[in-house]
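Here is how the chains run, residue by residue.
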Amino acid sequence: MKTYRIATIPGDGIGKEVVPAGQRVLEAIAARSNTFGFAFENFDWGGDYYRQHGAMMPADGLDALRDKDAILFGSAGDPHIPDHITLWGLRLKICQGFDQYANVRPTRILPGIDGPLKRCAPQDLDWVIVRENSEGEYAGVGGRAHQGHPIEVATDVSMMTRAGVERILRFAFRLAQTRPRKLLTVITKSNAQRHAMVMWDEIALQISQEFPDVRWDKELVDAATARMVNRPATLDTIVATNLHADILSDLAAALAGSLGIAPTANLDPERRYPSMFEPIHGSAFDIMGKGLANPVGTFWSAVMMLEHLGEDAAARQLMAVIERVTADPSLHTGDLGGSATTAQVTDAVCALLASEAAGGTAATDVKAA
Ligand code: IPM
Ligand code: MG
C-alpha cells in the first residue's frame, strides 16, 4: 500500500474552508482504495502567520515541503496586508522555489452549469491553458528609485529566457499531443512587444518541428479574448506567458460558469520537487468564514493531483462524482446561483464516493458467491 505524503496549506480567506473540504474528499477516495492512502501534514502559513512572525511562511519553509509528494494549496491574500507581500511571500515563493514552471488550467462547462455564452454548447468549450509559471512578467525583475520625489521611477521587466520558453512550449506541445484534437494555440503579443515575444514566436516555430502531429496556430492575446467568446470551439490547448495566461484563465473560468469551479496545477514536470494544486479563485473575503465557498475548484484540483500521482483511475472516479454533483442544481453554491453550503457539496461528494465503494464491494461479493 502506497502512502502519499501531502502538505495542505489553506492560506487565507476561503482557502481555510475549501482545503479541509478537499482533504475530506481525498480521504474518501483513499478509503475506497486498497492500493494507496494519504498522510496529510497541515501548514498554517498565510496572513495570520504574517501578523505573528512578520513573514508569510518560515524562512526554511520550503525544506518542510521538499519531501512531500504534492501540495494542496488554498489561497493567499489578506485585506490588511499588501497583495504583493502575500503573493510573493507564499504562493510565488513555493512556485518559484520548486521551479513549478508549468501552470495547467483546464476549463470545461461541467454538467448542470449554465455558462454565460448564448451560442456555446458545453462540448464547444474544452480548453487547457498552459501558463508559463516561472518568469516573464512575474520574474520580479525591476525596481524603484527616487522614491517620493517628482522624478520617481519604477520598472517591472518581463524577463524571458530561451530555456524557460523552450521548456514551457515543449510542455504545451506535448500536452496538446495527448488530447484528442492535438491542437495548440500559442498566444503572443509580438506586434507590440518586439523583443521577448518575438523570441517566443521563433521558439514556438522551432519546437513545433518536434511535434509534426500537433496542429498549431498563433493568436495575439487581445484577439484571443474575442476568439474565446465568439469561437470557443476553435481552441483546445492554449499556451501563454505568465501574465497573458493569468488574464485569459480568469476569462476562461468565467465563460465556463464560475471562478469557483476552476482548478490549477503548478507542476514541476521533471519531478525534482513537489508540485502544487490549488483552486484558481482567490481568498474571497466577502464570503469567508460563512461556509458558502464553492469547494469544486479544490476538488477538481484534487483530481489533477491524483493524475499527477499516477492514480488515474481514482482521478477519473472523483471527476465523475464531481460532475454528478454539479449536475444537481440543489448542490450549487452561491457563485452558481444556488444556496448550497461548502459542507453540503462536500458531504454529497463524499457520500457518492462511499456509496460507489460499497456498491463495488457488493457486486464483487455477488460474483464470489
Ligand atoms: C492566479 C491568481 C494570482 C496570479 C494572484 C492571486 C496574484 O490570480 O493564480 O491566477 O496572478 O498569479
Ligand atoms: Mg489569476
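All values reported here derive from a predicted model rather than from experimental measurement.

Quick notes on the rules
Throughout, residues of each chain are indexed from 1 in the direction in which the sequence is written. Labels are handed out in written order, letters beginning with A for the chains and numbers beginning with 1 for the ligands. It should be noted that, the model being predicted, local features are given only for residues of pLDDT at least 70 and side-chain atom pairs only at 80 or more, the latter also being counted only at that level, while totals for whole chains, interfaces and linings use all residues. Side-chain metrics rest on all non-hydrogen atoms present in the structure, leaving aside hydrogens and water. For the purposes of this section, nonpolar cores are sets of buried Ala, Val, Leu, Ile, Met, Phe, Trp, Tyr and Cys residues that join through side-chain atoms within 4.5 Å. Accessibility here uses a 1.4 Å probe with only protein chains present; expressed as a share of the type maximum, an area under 20% marks a residue as buried, one over 50% as exposed, and anything in between as partly exposed. Domain start and end points were adopted from an automatic or database domain assignment. Contacts: residue pairs with any heavy atoms within 4.5 Å of one another. A run of H or I in DSSP becomes a helix once it reaches four residues, and a run of E becomes a strand once it reaches two; helices and strands are each numbered from the N terminus. For this purpose, a residue is taken to be near a molecule or strand whenever a single non-hydrogen atom of the residue falls within 4 Å of it. Distance and chemistry together define a polar contact, namely a pair of N or O atoms within 3.5 Å, with one atom able to donate a hydrogen and the other to accept it when in protein, and with adjacent residues in sequence counting only for side-chain atoms on both sides. Only the protein chains shown count as covering a residue, and every accessible area follows the Shrake-Rupley method with a 1.4 Å probe. When residue character is reported, Ala, Val, Leu, Ile, Met, Phe, Trp, Tyr, Cys and Pro are called nonpolar, Asp, Glu, Lys and Arg charged, and the others, Gly included, polar. Summed over both partners, the accessible area lost on bringing two parts together, with a 1.4 Å probe, is the buried area. Whenever Lys or Arg places a side-chain nitrogen within 4 Å of a carboxyl oxygen from Asp or Glu, that contact is recorded as a salt bridge. Note on geometry: axes are C-alpha line fits, over the in-contact stretch for helices, and angles between N-to-C directions span 0 to 180 degrees. Roughly parallel means an angle under 35 degrees; roughly antiparallel means over 145; roughly perpendicular covers 65 to 115; every other angle is labelled oblique. Each crossing gets its hand from how the near helix is turned against the far one by less than a right angle, where anticlockwise is left-handed and clockwise is right-handed.

Looking at the nonpolar core
Alright, step 1. Grouped together as the largest cluster of nonpolar side chains are 84 residues, with contacts concentrated most on F38, L169, W200, V239, L306 and L318.
Alright, step 2. Looking at which domains feed residues into this core, each of domain 1 (1–103 + 267–357) and domain 2 (115–256) supplies at least three.
Alright, step 3. Discounting chain neighbours no more than four positions away, the residues touching L169 are V186, W200, I203, A204, I207 and V239.
Alright, step 4. F43, Y49, I71 and I94 belong to the second-largest nonpolar core, a separate cluster that totals 16 residues.

A word on unusual backbone geometry
Alright, step 1. Its identity is not glycine, yet D99 carries a phi of approximately 45°, on the positive side.
Alright, step 2. Relative to the helices and strands, D99 resides in the loop between α4 (83–97) and β4 (102–108).
Alright, step 3. Residue classification places D99 among the buried residues on the basis of a relative accessible area of 16%.

Re the site of ligand 1
Alright, step 1. L87, R91, R105, R131, Y138 and D246 make up every residue found near ligand 1.
Alright, step 2. Within the side chain of D246, one N or O atom sits 2.8 Å away from an oxygen atom of ligand 1.
Alright, step 3. Expressed as a share of its isolated accessible area of 320 Å², the protein-covered part of ligand 1 is 72%.
Alright, step 4. When the residues that make up the shell around ligand 1 are grouped by side-chain class, the tally is 2 nonpolar, no polar and 4 charged.

Let's talk about the domain arrangement of the protein chain
Alright, step 1. When its domains are assigned, the protein chain resolves into domain 1 (1–103 + 267–357) and domain 2 (115–256).
Alright, step 2. Distance from the C-alpha centre of domain 1 to the C-alpha centre of domain 2: 25 Å.
Alright, step 3. When the buried area of domain 1 at its contact with domain 2 is split by residue, Y101, N103 and I280 rank highest and sum to 50% of it.
Alright, step 4. If you look at where domain 1 meets domain 2, you find 1 salt bridge.
Alright, step 5. Inspection of the domain 1/domain 2 interface yields 5 residue pairs in polar contact (both at pLDDT 80 or more).

What to know about the packing of helix α1 (residues 15–31) against helix α9 (residues 296–309)
Alright, step 1. Packing of α1 against α9 leaves a shortest axis separation of 9 Å and a crossing angle of 45°. One way to sum up the angle between α1 and α9 is to call them oblique. Pair α1 / α9 crosses with right-handed handedness. Touching V18, V19, A21, G22, V25, L26 and I29 of α1 are T298, F299, A302, M305 and L306, all from α9.

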